[in-house]
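Chains, contacts and geometry: an overview
The primary structure of each chain is shown beneath.
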Amino acid sequence: MLNEDEKFIHTSIDTLIEFFKENHIAFDVSTQGTEAKILHFGMSIQGEPTDVLIAIFLKPKICSIVFKLPFKANVTMEAELYSALMKYNCTRRFGSFIYDKNDGEIDYKTDFPCADGVKKRGFCSRIYYFHELNL
C-alpha cells in the first residue's frame, strides 16, 4: 500500500504523463533522491532546440518548471544583464528569468503549489504562458 507521499508523486506524474501523451510530446522521467521526480522534454524557442525540466517536490509540495533557454549571456555585460532581468521579471505574472553566472545560462523558472497533486489545468496554464512570452 502506498503512503501519502507516494500517492502524491504517482498522481502528479500520471497527470503530467497524460498531458504529454495527449499532446504527443516525447519525455523522460527520472528521480532526484527521494524528494523529487523529474520529467524532461525538448521544445523549440524561435527555432532553437531547448530543454524543459519539470520537478515534483515533496517538501514542500510544489511543481517547478524550468525552461532552459538556447543561448548564454555575455558575462562582460553582467551588471546590465542583472538590471534588465530585474526590470523584466517585475512584469512577469508567473515565474522569472534566472541567470547562472557560473556558466552564463539563462533559464525561465516558475513554481506553483500542488498540495493536492499536479492538476492538468494549472500545469497547462504555465506551459502556455511561457509560450506566449514571445522571447
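Residues numbered from 1 in each chain as written. Predicted model: local features only at pLDDT ≥ 70, side-chain atom pairs only at ≥ 80, totals over all residues. Heavy atoms only, no water.

So, about the environment of Glu78. Here Glu78 shows up in helix α2 (residues 78-89). Residues Glu78 and Lys101, 23 residues apart in the sequence, show an inter-C-alpha distance of 8.3 Å. Excluding its chain neighbours within four sequence positions, the residues that come into contact with Glu78 are Tyr99 and Lys101. (Helix = DSSP H or I, 4+ residues; strand = E, 2+ residues; numbered from the N terminus. Contact = heavy atoms within 4.5 Å.)

So, on to helix α1 (residues 4-22). For α1, with 19 residues, the first-to-last C-alpha span of 27 Å sits near the 27 Å given by 1.5 Å per residue. Among all positions in α1, only Phe8, Ile9, Ser12, Ile13, Thr15, Leu16, Phe19 and Phe20 are buried. Buried positions in α1, seen along its axis, are confined to an arc of 155 degrees and lie on one side of it. Just downstream of α1 lies His24, where phi reads positive at about 55 degrees. (Expected span 1.5 Å × (residues − 1). Buried < 20%, exposed > 50% of the residue type's maximum accessible area, 1.4 Å probe, protein only. Arc of directions from axis to C-beta.)

Right, let's get into the packing of aromatic side chains. Geometrically, a pair of aromatic rings is defined through the distance of the ring centres and the angle of the planes. Taken as a whole and judged by the stated rule, the model has six aromatic pairs. On the basis of an interplanar angle of 65 degrees and a centroid distance of 5.8 Å, the ring pair of Phe19 and Phe20 is categorised as edge-to-face. Per residue, the accessibility class of Phe19 equals that of Phe20, and both read buried. Ring plane angle 55 degrees and centroid distance 5.4 Å describe the contact between Tyr88 and Phe97, whose orientation is recorded as tilted. Relative accessible area serves as the criterion here: at 31%, Tyr88 is assigned to the partly exposed category. (Phe/Tyr/Trp six-rings, centres within 6.5 Å; stacked < 30°, edge-to-face > 60°.)

Another aspect to go through is the pairing of strand β4 (residues 62-72). Here strand β3 (residues 48-57) runs beside β4; their pairing, made up of seven bridges, is antiparallel. The residue bridging Val52 from the neighbouring strand is Phe67, located in β4. Between β3 and the antiparallel strand that follows it, β4, lie four residues. Summarising the sheet, β4 and strand β6 (residues 105-113) pair through eight bridges and their orientation is antiparallel. What sits directly across from Phe67, in β6, is Tyr108. (Pairing = 2+ DSSP bridges.)

The next point concerns the pattern of salt bridges. Applying the stated criterion to the full structure yields four salt bridges. In this structure, Lys68 and Glu105 form a salt bridge, with 3.4 Å as the shortest nitrogen-oxygen distance. Residue Lys68 is found in strand β4, and its partner Glu105 is found in strand β6; the two are separated by 37 residues along the sequence. Overall, Lys68 belongs to the partly exposed group, its relative accessible area being 23%. In this structure, Asp111 engages Lys109 in a salt bridge whose closest nitrogen and oxygen atoms are separated by 4.0 Å. (Salt bridge = Lys/Arg side-chain N within 4 Å of Asp/Glu carboxyl O.)

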